[in-house]
Structures are given as structure tokens and as C-alpha cells.
Amino acid sequence: MNNTPNDHIVRSHDEERQRLIGEILRMGELAVAQLEAALDVVERRDDRAAGHIVANDEAIDALEREVSHDAMKLSLRGPLARDLREILAALRIVSDIERIGDYAANIAKRSIALNQAPALPVASGLKHVGALAVRQVRDVLEAYVNHDPEAAQAVRDRDAALDAEYTRLFRELLTYMMEDARAITGCTHLLFMAKNLERIGDHATNIAENIWFMVRGEDNLPPREKADDTNTTT
């Protein structure tokens, strides 16, 4: 049976759509791998590996440009409303993934500075916050691939737990600095790293909200709980 020109157009459109999804997933996997590697070099105090992570951030930036280009190409094909939501969500999501990669690189960069000071016992708390952030990113990427708004909503709801752990670590680091002035420099680096992880959680939440919008076509999600009260910590 001969294929009509319209069949070819539909097939080409679907192939480009699948390519876009694949690129976003690849970009997300690279960002989460960077994050896991950054947390690992903090624990191992490995300056050389940290330098590689910082250098690898350019690969995520390059993928963002590629995804944005392909999304714009797809938008020129006269897409339907659902397709437009998917394209808009893709552009937003790759921006969040790019920021996650930036934060992972920042953690690696700060680990090099942290290694100039003696090892701090409170550094282990960063590992726990980091594990929560990694889980958030991995789960939201899975929700994106599966077009699963309920799974995305679960990620959004869990952000409060990450905020609470960040607040706990923030207070622990402040206490440690007050008790030992020699730890101020190292703890300051850890505070910035912890804040990077908290922001990664926020970007995972942004992705979750865009998945909801992409599938459901609505933005009217209930206000989410925030458990970061470091602004009021004294």
C-alpha cells in the first residue's frame, strides 16, 4: 500500500518529537551524572576529578542549545495545542536541567576550595541532602519520559523534605562555625554547596510542574509546601 504525503509528514513529525524527548532525557541523565560525580568528589576530596566535572558542564550547555533548536524546528510544523504545550514545556525543562548542571559544576568547583582546609565531620550531612536531590532529579526525568503527571506531582510534594534537610544542615553548619572559628571557611563552602542542592530540588520541582502543564494543559496546581526557613534562622 502506498503511503500518502500526509503519512510522511505525520511520521516525520513523530520522529522529530521522539528525538526531542530523547535529547532532553540524555541531557537530564548527563546532569544527574554530573551531580552524583560532584557529590562523590566532595567525599573523596579529589581535586582532579572535580576539575573534570567543571569542564564537562559545557556538554550540558551544548545539549541545551541543540534541544532549543530542535524544539523551534518542531514548532514551525503547525503543531496542535498538545504539541505546543510539549514544545513549550521542553524549552522550560531544558533550561532547568541546564541550571542543575551548573549547580553540580559549582559544587565540584567549591570542593576544590574546600580541600584546602582540614576535613570537617559535618561534611557528611551534605551527602544526605545530595542523595535527596539526586532522587528528585531522577524521578522527575522518569515522570517526563512516561508523561506521568501524578509521578511529577509526587516529586513536587517531596521538595519540602529536601528543604527540611537543607535547613537542618544549615543550622548544624552555623553551630559548628560558632563553636570553632577555624571551621568558618570550610563550613562557608559547605553552606554554598548545600544551597546549590536545595536549588536543584527547586528546579526538579519546576520540571514537575511543566510535566503537569504539558499533559493536563493547566497550571492551577495548589501552592506547594516550603520547609526552607533558613531566612529566619538565628
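- An unreviewed UniProt entry lists the protein chain under the name Phosphate-specific transport system accessory protein PhoU, with Luteimonas colneyensis given as the organism.
- Per UniProt, the protein chain has the following entry under Sequence similarities (unreviewed entry): "Belongs to the PhoU family."
- Turning to the protein chain, the UniProt record has this under Subcellular location (unreviewed entry): "Cytoplasm".

**Re the packing of helix H4 (residues 124-145) against helix H5 (residues 149-179)**
Link 1 in the chain: Their axes nearest at 10 Å, the elements H4 and H5 cross at an angle of 170°. Relative to H5, the element H4 lies roughly antiparallel. Contact residues: Gly125, Leu126, His128, Val129, Leu132, Ala133, Arg135, Gln136, Asp139, Val140 and Ala143 in H4; Ala151, Ala152, Val155, Arg158, Asp159, Ala161, Leu162, Glu165, Tyr166, Arg168 and Leu169 in H5.

**Quick word on H4**
Since the α-helix turns once every 3.6 residues, residues separated by three or four places project in the same direction.
Link 1 in the chain: For H4, built from 22 residues, the straight-helix expectation of 32 Å at 1.5 Å per residue is met to within 8% by its first-to-last C-alpha distance of 33 Å.
Link 2 in the chain: Within the sequence span of H4, burial applies to Gly125, Leu126, Val129, Gly130, Ala133, Val134, Gln136, Val137, Val140, Leu141, Ala143 and Tyr144.
Link 3 in the chain: Immediately downstream of H4, the backbone of His147 shows phi near 50°, a positive value.

**With respect to the layout of surface pockets**
Link 1 in the chain: Reported here for the largest pocket is a volume of approximately 260 Å³.
Link 2 in the chain: Around the largest pocket sit 15 residues that line it, and Leu39, Val42, Glu43, Ala123 and Ser124 are the ones nearest its centre.
Link 3 in the chain: Going through the elements one at a time, helix H1 (5-44) and H4 are the ones with two or more residues in the lining of the largest pocket.
Link 4 in the chain: It is H1 that contributes the most residues to the lining of the largest pocket, 5 residues altogether.
Link 5 in the chain: When its residues are assigned to classes, the lining of the largest pocket shows 9 nonpolar, 1 polar and 5 charged.

**Examining the nonpolar core**
Link 1 in the chain: In terms of nonpolar packing, the biggest core is built from 63 residues, with Ile24, Leu35, Leu197 and Ile211 touching the most fellow members.
Link 2 in the chain: Where this core is concerned, the elements lending two or more residues are H1, helix H2 (47-75), helix H3 (81-114), H4, H5 and helix H6 (184-216).
Link 3 in the chain: Every residue in contact with Leu35, bar those within four places of it in the chain, is listed here: Ala104, Ile107, Ala133, Val134, Leu197 and Ile200.

**As for the pattern of salt bridges**
Where charged atoms from two side chains of opposite charge approach closely, those side chains can pair.
Link 1 in the chain: As enumerated under the stated definition, the model contains 19 salt bridges in all.
Link 2 in the chain: Glu66 is paired through a salt bridge with Arg19; the nearest N and O atoms lie 3.4 Å apart. Here the residue Glu66 occupies a position in helix H2, and Arg19 occupies one in helix H1, the gap between them amounting to 47 residues.
Link 3 in the chain: Using a relative accessible area of 45% as the deciding quantity, one classes Arg19 as partly exposed.
Link 4 in the chain: Notably, a salt bridge pairs Asp202 with Arg199, separated by 2.7 Å at the nearest N-O pair. Taken together, the residues span about one helical turn, with Asp202 and Arg199 both in helix H6 at a distance of 3 residues.
Link 5 in the chain: The class of Asp202 is buried, set by a relative accessible area of 8%.
Link 6 in the chain: Residue Arg199 is classed as partly exposed on the basis of its relative accessible area of 26%.
Link 7 in the chain: Bridged by salt links that share partners, the residues Arg19, Glu23, Glu66 and Asp70 form one connected network.

Parameters and conventions
- As a convention, each chain's residues are numbered from 1 in the sequence order in which they are written.
- Selection of residues for local features in this predicted model requires a pLDDT of at least 70, selection of side-chain atom pairs for listing and counting requires 80 or more, and totals for whole chains, interfaces and linings are taken over all residues.
- To get the side-chain values, take all heavy atoms of the structure and skip hydrogens and water.
- UniProt positions are given in the numbering used here, feature names are shortened, and annotations may be inferred rather than shown by experiment.
- To define axes, lines are fitted to C-alpha atoms, for helices over the stretch in contact only, and angles between the resulting N-to-C directions are given on a 0 to 180 degree scale.
- We count a stretch as a helix when DSSP gives it H or I for four or more residues in a row; a strand needs E for two or more, and each element gets its number in order from the N terminus.
- Should an angle lie under 35 degrees it is considered roughly parallel, over 145 roughly antiparallel, and from 65 to 115 roughly perpendicular; all remaining angles are considered oblique.
- Contacts: residue pairs with any heavy atoms within 4.5 Å of one another.
- A helix is expected to reach a length of 1.5 Å times the quantity of its residues less one.
- Only protein chains enter the accessibility calculation, which uses a 1.4 Å probe; a residue whose area is less than 20% of its type maximum is buried, one above 50% is exposed, and one in between is partly exposed.
- Both cavities and pockets are sets of points on a 1 Å grid over the protein atoms alone; in a cavity a 1.4 Å probe fits but cannot get out, in a pocket the set is open with protein on both sides within 12 Å along at least five of seven lines, and lining residues sit with an atom within 4 Å of a point.
- Grid points are joined across faces, edges and corners, and a volume is the space filled by probe spheres set on the points.
- Residue polarity follows a fixed list, in which Ala, Val, Leu, Ile, Met, Phe, Trp, Tyr, Cys and Pro are nonpolar, Asp, Glu, Lys and Arg are charged, and the others, Gly among them, are polar.
- Think of a nonpolar core as a cluster: buried Ala, Val, Leu, Ile, Met, Phe, Trp, Tyr and Cys residues, connected wherever their side-chain atoms sit within 4.5 Å.
- When a carboxyl oxygen of Asp or Glu lies within 4 Å of a side-chain nitrogen of Lys or Arg, that pair is called a salt bridge.

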